[in-house]
Amino acid sequence: QVQVAESGGGSVQAGGSLRLSCKASGKIFSINSMNWYRQAPGKQRELVASLFFVGSLSTDYADSVKGRFTITRDSAGNTVFLQMDTLKPEDTAVYYCNAYYYDDNVRGLDAWGQGTLVTVSS
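Residues numbered from 1 in each chain as written. Predicted model: local features only at pLDDT ≥ 70, side-chain atom pairs only at ≥ 80, totals over all residues. Heavy atoms only, no water.

## A closer look at the state of the cysteines
Step number 1: A full pass over the atoms with the stated rule returns one disulfide.
Step number 2: Disulfide partner of Cys-22: Cys-97, at an S-S distance of 1.9 Å. Disulfide Cys-22-Cys-97: the torsion about the S-S bond is -80°, which places it as left-handed. One end of the pair, Cys-22, is in strand E3 (residues 18-26); the other, Cys-97, is in strand E9 (residues 93-102), and 75 residues separate them in sequence. Judged on exposure class, the residue Cys-22 and its partner Cys-97 are both buried. (Disulfide = S-S within 2.5 Å. Helix = DSSP H or I, 4+ residues; strand = E, 2+ residues; numbered from the N terminus. Buried < 20%, exposed > 50% of the residue type's maximum accessible area, 1.4 Å probe, protein only.)

What follows is the structure, encoded as structure tokens:
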């Protein structure tokens, strides 16, 4: 099993920055990727950024955040960060950390955090 927990949300003015953290625990070695999703009021949850734990630690971003958000991992390999720069009011949402991992039967499973609110004012 894998568990994740986010921290670091808050309020900021447009143009500002915030950094979110997500710490994974449990069977870290079984994680395939860690991801940040967000859900704005009245909208569907959307994938914002991904970091793949296999291979060269490649990353992927939604078009709406490319060039402004950066996903990284600490040297211990169990905490992922989302650095959010040049924030816009439309970035306001609850941000969720997700870990996609495999159980002992090689089934893909998701672990979700409780979410952290990011509010960007104009």
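## Section: the pattern of salt bridges
Step number 1: If you walk through the whole model with that rule in mind, you get six salt bridges.
Step number 2: A salt bridge links Lys-27 to Asp-104, with the nearest nitrogen and oxygen atoms 3.4 Å apart. Note that Lys-27 is positioned in the loop between E3 and strand E4 (31-39) and Asp-104 in the loop between E9 and strand E10 (108-112), a separation of 77 residues in sequence.
Step number 3: Look at the salt bridges and you will find they share partners, linking Arg-38, Glu-46, Arg-68 and Asp-91 into a network. (Salt bridge = Lys/Arg side-chain N within 4 Å of Asp/Glu carboxyl O.)

## As for unusual backbone geometry
Step number 1: Notably, Leu-57 is not glycine yet its phi reads approximately 55°, a positive angle.
Step number 2: Following the sequence through the fold, Leu-57 ends up in the loop between strand E5 (46-52) and strand E6 (59-61).
Step number 3: Judged by relative accessible area, which is 35%, Leu-57 ranks as partly exposed.
Step number 4: Positive phi is not limited to glycine here, since Val-106 has a value of about 60°.

## A look at the nonpolar core
Step number 1: Ranked by size, the top nonpolar core spans 32 residues in total, and within it Met-34, Trp-36, Leu-82, Met-84 and Tyr-95 carry the most contacts.
Step number 2: Broken down by secondary-structure element, the contributors of at least two residues to this core are strand E1 (2-7), E3, E4, E5, strand E7 (69-73), strand E8 (79-84), E9 and strand E11 (116-121).
Step number 3: Looking at this core, the element that brings in the most residues is E9, giving five residues. (Core = buried A, V, L, I, M, F, W, Y, C linked by side-chain atoms within 4.5 Å.)

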